[in-house]
Amino acid sequence: MTDNKILDEAIRRVPDFPKKGILFYDITSVLTNPKAFKWCLDKMYEIYKAKHDEGKIDAIASVESRGFLFAAPLAEKLGIPLVLIRKKGKLPGDVYRASYDLEYGSAEIEVHKADIKPGQKFLLIDDLIATGGTLTAGKKLIAQGQAEVTEIFGIIGLPDLKYKEVLAPVNVTTLIDFHGA
């Protein structure tokens, strides 16, 4: 029995979504399974507690929207700030903005300038890491505030899409990887 068996069994696989030939890994089914959700949160805390204690992370940034659901309880448990990275136009006030490419065009994400403090060391969280495009844009947002992303985390990783190379040299951790994506 693998350590992440509870997570693997909880993730819903949706063939041909959002288009034919794509196998979509849906983490919403993890949220409806309290044991699997708790397992994820416990694992995240286990991974990042020591890194926080060593001063390697002192804040969490998370990408809209499913990433928020995993980042918020971890930030609370570690007692550190949580910074929300949102889609363009969702935040009032002064923002940093970064764009990234999608299969069908490009998109932009934003973060409040006031939420990023120079010198902060961020753990950047998303639910699924595929090509690394969104997280690269997230790193750029944090850098605009003179802070840095020192760790990246995702519940699911699709390593065949080479996200580790794209996000290097930052350490990337996932709880489960699916190959052949």
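Residues numbered from 1 in each chain as written. Predicted model: local features only at pLDDT ≥ 70, side-chain atom pairs only at ≥ 80, totals over all residues. Heavy atoms only, no water.

Bringing the nonpolar core into the picture now. Nonpolar side chains tend to gather and get buried jointly when the protein is soluble and globular. Ranked by size, the top nonpolar core spans 29 residues in total, and within it L7, V30, I155 and I156 carry the most contacts. Of all the secondary-structure elements, those providing two or more residues to this core are α1 (5-10), α3 (34-53), α4 (66-78), β7 (121-129), β8 (148-157) and β9 (171-177). Here this core takes 6 residues from α3, the largest share from any one element. Among the nonpolar cores identified, the runner-up in size contains 26 residues, and V63, Y96, A98 and V172 belong to it. (Core = buried A, V, L, I, M, F, W, Y, C linked by side-chain atoms within 4.5 Å. Buried < 20%, exposed > 50% of the residue type's maximum accessible area, 1.4 Å probe, protein only. Helix = DSSP H or I, 4+ residues; strand = E, 2+ residues; numbered from the N terminus.)

Spatially, 7 strands are ordered β5-β6-β4-β3-β7-β8-β9 in an open sheet, and the strand pairing comes out mixed. At either margin of the open sheet sits one strand with a lone partner, and together these are β5 (95-102) and β9. Across the sheet, the mean angle from the axis of one strand to that of its neighbour is 25°, orientation sign disregarded. One ladder, built from 4 bridges, connects strand β3 (residues 59-63) with β7; its direction is parallel. Within β7, the position partnered with S62 by the bridge is I125. Packing of α4 onto the sheet brings it into contact with β3, β4 (82-87), β7 and β8, and relative to β3 it is tilted by some 165°. Strands in contact with helix α5 (residues 133-144) are β3, β4, β5, β6 (105-112), β7 and β8; relative to β5, the strand with the most contacts, it is inclined by about 160°. (Pairing = 2+ DSSP bridges. Axes fitted to C-alpha atoms, helices over the stretch in contact; angles between N-to-C directions. Contact = heavy atoms within 4.5 Å.)

Before going further, it helps to spend a moment on the layout of surface pockets. There is about 1,300 Å³ of room inside the largest pocket. Surrounding the largest pocket, 37 residues form its lining, F24, L102, L128, A130 and T134 being those nearest its centre. Of all the secondary structure elements, the ones that give two or more residues to the lining of the largest pocket are β2 (23-26), β4, β5, β6, β7 and α5. In terms of residue count, β7 provides more of the lining of the largest pocket than any other element does, 4 residues in total. By residue class, the composition of the lining of the largest pocket is 20 nonpolar, 7 polar and 10 charged. (1 Å grid on protein atoms, 1.4 Å probe; cavity = no way out; pocket = protein on both sides within 12 Å on 5 of 7 lines; lining within 4 Å. Points joined across faces, edges and corners; volume = space filled by probe spheres on them. Nonpolar A, V, L, I, M, F, W, Y, C, P; charged D, E, K, R; others polar.)

With that settled, the discussion passes to the side chain of S62. Counting through the fold element by element, S62 comes out in strand β3. Look at S62 and you get buried, because its relative accessible area is 0%. There is a polar contact of 3.2 Å between the side chain of S62 and the backbone oxygen of I125. Setting aside its immediate chain neighbours within four residues, S62 contacts G67, F68, A71, L82, V83, L84, I85, L124 and I125. (Polar contact = N/O pair within 3.5 Å; in protein donor to acceptor, adjacent residues only side chain to side chain.)

Right, let's get into the side chain of Q120. Looking at the secondary structure, you find Q120 in the loop between β6 and β7. On the accessibility criterion, Q120 (12% relative accessible area) is buried. A polar contact of 2.8 Å, which involves the side chain of Q120, links it to the backbone nitrogen of K117. Apart from the residues lying within four places of it in its own chain, the contact partners of Q120 are D58, A59, P81, D115, A147 and E148.

Looking now at α5. Over its 12 residues, α5 runs 17 Å from end to end, which matches the ideal 16 Å to within 8%, given 1.5 Å per residue. Every buried residue of α5 is listed here: L135, T136, A137, G138, L141 and I142. Q146, located one to two residues past α5, shows a positive phi value of around 60°. (Expected span 1.5 Å × (residues − 1).)

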